[in-house]
Each structure stands twice: as structure tokens, then as C-alpha cells.
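Listed below, chain by chain, are the residues.
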Amino acid sequence: MSPGTPQDPNEAARLTQELIDQGYTKRQVAKMLGRDASLVSQFFTKGKGAAFVGALRQMVRAVRGGERDTEALSGIAEANTKRRTTKGGQKARVRGKDTIGKPGESMAGRAGKQAIRSGAAHLAPVVHETGQAGGKLAFTVRMKADQYVHSAGSKDDSAGLRRGFVPRSDGTEERTYGSASSGGFDAAEWSQRVADHHGDVTEAMQAWLVETGRAVEDADIAYLEVRGWVPPEQ
């Protein structure tokens, strides 16, 4: 592919420019694509970005339809990114593995405001497949600070974690529950929790936060991330 120019940009550059025209920065587009900002700049200068055209098209379509949440757009990008292949025709590994089933393998998913409102159903497979593989789960939850019962960093909120929370300018906090170092949560148990809530992962998480005394009754989750893995064999 020949380098793009301001006079003749490639499709990745054109789509990125449309997102920029909608108010996003190149850095934000890069983050939503899960790549470095320098790569997005090369859409314009070196003609790169062919692998991201499908994701960019869907992101632009979502933005045209009214979606503005960057986390939701990240999920759309992740689901529509064309993975590059090796010389042998296999999918190249980028940013870690996205399969699960054997020791050491992992998968993850995240949901922003739009997906949260519909129950974040696309996260259910991460929970169920990890449960079937006998794996563990960890979660990252974002809510308004006053919806958490315990203060940030409290051992009663997220025991065993050295990293406590991420405060944000909009008054929300991200808190992480479970990790590989602390052992994580039993995915089979969580698979049943999600099934009990008819596949609504948001509702299952909200119920768990309330049941365990971590959140107030009317807690409103703004962002949810699920990470699943099968611990390496000892």
C-alpha cells in the first residue's frame, strides 16, 4: 500500500478523520483500537491501517447513530479488528491471547454505558467459557464514588490487591476485584450467577456488589470489564 497523503488519504485515514471531525483525538482513536497513537498517525503518513478498516467503519457507524462512549466504541473496535496473520497463515498474537481452555490461556471483554444498559450480554461468553475451562475471573467496575460502601483502597472492598482504585474527573472510581496474584474468583460459580440473572452480567455484578456489602442498593455500574484465565499447571 502506498503512503497516504493529505490529498489522497487511504480508507483508514479517511475513517479516522471522520472520527476526529466528530470530536475525538488521534490518541483516543488509538486507545479505542487498542494501539499506540503513533500507528494511527501512520494511517495518514505511511498508508497503514488496512487491518483496522473494518473496526473503523463500525465505529464510525456507531458514532453516526449517536454512540459517544469511548468504552463502548472500544468494544466495537475489538469485535471488528482483523487480526494479522503469520507467514504460516495463523492468527498473530497481539496484546495477549484471546482464547481459553488450556492452562495459561486467557480472554477478556469490557462494556461501556451503551452495553451496560442492555446487560453487557457480550461478556457472558467470557464468564461461561472460563467456567467450563475450570478457570478464574477478575473484574473491574466503575461507579460513582458515593455508590461504594467502603473507602477506596479498603481491604474490605478489594482484599489482597496492592492496586486499589483509579479516581476519575467525572466523580467515578474504577475498582478491581480479583487478580491472578490473589487467585481470582471461581468462574464456574460466576457462570451460575450470570445464568441466574438470565445472562445479564451487569445485573449479576450489581447484585454481588450489594450482597457482599461493597455497594449501595441502587448502585449504577457505568463500566465493567471481565478477565478470565486458566491458571498455569503447577
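Residues numbered from 1 in each chain as written. Predicted model: local features only at pLDDT ≥ 70, side-chain atom pairs only at ≥ 80, totals over all residues. Heavy atoms only, no water.

Enquirer: Please clarify how the side chain of Asn10 should be interpreted in this entry.
Expert: Considering the arrangement of structural elements, one finds Asn10 in the segment before α1 (11-21). Within the structure, the side chain of Asn10 is placed 3.3 Å from the backbone nitrogen of Ala12, a separation counted as a polar contact. Side-chain polar atoms of Asn10 contact the backbone nitrogen of Ala13, separated by 2.7 Å. (Helix = DSSP H or I, 4+ residues; strand = E, 2+ residues; numbered from the N terminus. Polar contact = N/O pair within 3.5 Å; in protein donor to acceptor, adjacent residues only side chain to side chain.)

Enquirer: What exactly am I supposed to notice about the packing of α1 against helix α3 (residues 37-45) here?
Expert: Each pair of packed helices can be described by the angle between their axes along with the distance between the axes. Between α1 and α3, the least distance of the axes is 8 Å, while the angle of their chain directions is 115 degrees. Read as a crossing pair, α1 and α3 show a hand that is left-handed. Within the contact between the two elements, α1 uses Ala12, Ala13, Thr16, Gln17 and Ile20 and α3 uses Val40, Phe43 and Phe44. Along the lines of polarity and charge, the residues of the contact of α1 with α3 split into six nonpolar, two polar and no charged. (Axes fitted to C-alpha atoms, helices over the stretch in contact; angles between N-to-C directions. Left-handed = near helix turned anticlockwise from the far one by under 90°. Contact = heavy atoms within 4.5 Å. Nonpolar A, V, L, I, M, F, W, Y, C, P; charged D, E, K, R; others polar.)

Enquirer: I tried to follow the nonpolar core on my own but got confused; where do I start?
Expert: Nonpolar side chains tend to gather and get buried jointly when the protein is soluble and globular. One finds Val141, Met143, Trp190, Met205, Leu209, Ile221 and Leu224 to be the most contacted residues of the largest nonpolar core, which totals 28 residues. Going through the elements one at a time, β1 (106-111), α6 (113-117), α7 (124-132), β2 (136-144), α9 (187-196), α10 (201-211) and β6 (223-229) are the ones with two or more residues in this core. A per-element tally of this core places α10 first, with five residues. Beyond its immediate sequence surroundings of up to four residues, Met205 is in contact with Phe139, Val141, Trp190, Ile221 and Leu224. (Core = buried A, V, L, I, M, F, W, Y, C linked by side-chain atoms within 4.5 Å. Buried < 20%, exposed > 50% of the residue type's maximum accessible area, 1.4 Å probe, protein only.)

Enquirer: Explanation requested: helix α5 (residues 70-80) in the structure shown.
Expert: One turn of the α-helix equals 3.6 residues, which is why residues spaced by three or four share an orientation. Looking at α5, one finds that the buried residues are Glu71, Ala72, Leu73, Ser74, Gly75 and Ala77. Of the surrounding elements, those touching the buried residues of α5 are α2 (26-33), α4 (53-64), β1, α6, β2 and β6.

Enquirer: Any chance you could explain the side chain of Gln206 here in plain terms?
Expert: With respect to the helices, strands and loops of the structure, Gln206 is situated in helix α10. According to the relative accessible area criterion, Gln206 is buried, its value standing at 19%. When sequence neighbours within four positions are dropped, the list of residues in contact with Gln206 reads Val216, Glu217, Asp218, Ala219 and Ile221.

Enquirer: Where do I start with the environment of Ala187 in this structure?
Expert: Mapped onto the elements, Ala187 comes out in helix α9. Between the C-alpha atoms of Ala187 and Gly228, which are 41 residues apart in sequence, the distance is 7.7 Å. Look past the residues within four positions of Ala187 in its chain and what remains in contact with it is Val127, Thr130, Gly131, Gly135, Lys136 and Leu137.

Enquirer: I keep staring at the packing of aromatic side chains and nothing clicks. Help me out?
Expert: Any aromatic ring pair is given by two values, namely how distant the centres are and how the planes are angled relative to each other. For the coordinates displayed, the defined rule picks out six aromatic pairs. Between Phe43 and Phe52 the ring centres are 6.0 Å apart and the planes differ by 35 degrees, which places this aromatic pair in the tilted class. For Phe52, a relative accessible area of 7% corresponds to the buried category. Judged by centre distance (5.4 Å) and plane angle (80 degrees), the ring pair of Phe185 and Trp208 falls under edge-to-face. Taken together, the positions of Phe185 in strand β5 (residues 185-186) and Trp208 in helix α10 put the pair 23 residues apart, joining distant regions of the chain. Phe185 sits in the partly exposed class, given a relative accessible area of 22%. Pairwise contacts between aromatic rings join Phe139, Tyr177, Phe185, Trp190 and Trp208 into one cluster. The ring of Phe44 has Lys26 sitting right over it, with the charged end atom 4.4 Å from the ring centre. For the cation-ring pair, Arg175 lies above Tyr148, with the distance from its terminal atom to the ring centre recorded as 3.8 Å. (Phe/Tyr/Trp six-rings, centres within 6.5 Å; stacked < 30°, edge-to-face > 60°. Lys NZ or Arg CZ within 6 Å of the ring centre and 35° of its normal.)

Enquirer: Even after reading the chapter, I still don't get the pairing of β6, so can you show me in this structure?
Expert: Consecutive residues of a regular strand have side chains that alternate between opposite faces of the sheet. Buried residues dominate β6, accounting for seven of its seven residues. Burial of the side chains of β6 extends over both faces: Tyr223, Glu225, Arg227 and Trp229 are buried on one face and Leu224, Val226 and Gly228 on the other. Two strands pair when backbone bridges link them, and β1 and β6 are joined in this way by six bridges, in the antiparallel orientation. If you follow Ala108 over to β6, its bridge partner there is Arg227. Note: β2 against β6, seven bridges, orientation antiparallel. Counterpart to Phe139 in the pairing with β6 is Val226. (Pairing = 2+ DSSP bridges.)

Enquirer: Explanation requested: a negative patch on the surface in the structure shown.
Expert: Negative charge collects at one region of the surface, where Asp146, Glu217, Asp218 and Asp220 lie side by side. Looking at where Asp146 falls in the secondary structure, it is placed in the loop between β2 and α8 (155-158). (Patch = residues over 30% accessible without salt bridge, like charges linked within 9 Å, V, L, I, M, F, W, Y side chains within 5 Å. Areas by Shrake-Rupley, 256 points an atom, 1.4 Å probe, with all protein chains shown as cover. Salt bridge = Lys/Arg side-chain N within 4 Å of Asp/Glu carboxyl O. Lys, Arg positive; Asp, Glu negative; His and termini not counted. Charge placed at Lys NZ, Arg CZ, Asp CG, Glu CD.)

Enquirer: Looking at this structure, how should I read the pattern of salt bridges?
Expert: Pairing between side chains of opposite charge can happen when their charged atoms approach one another. Counted by the stated rule, this structure contains eight salt bridges. Across the pair Arg193 and Glu211 runs a salt bridge, and its minimum N-O distance is 3.2 Å. With Arg193 in helix α9 and Glu211 in helix α10, this pair connects stretches of sequence that are 18 residues apart. Here the salt bridges do not stand alone but share partners, grouping Asp157, Glu173 and Arg175 into one network.

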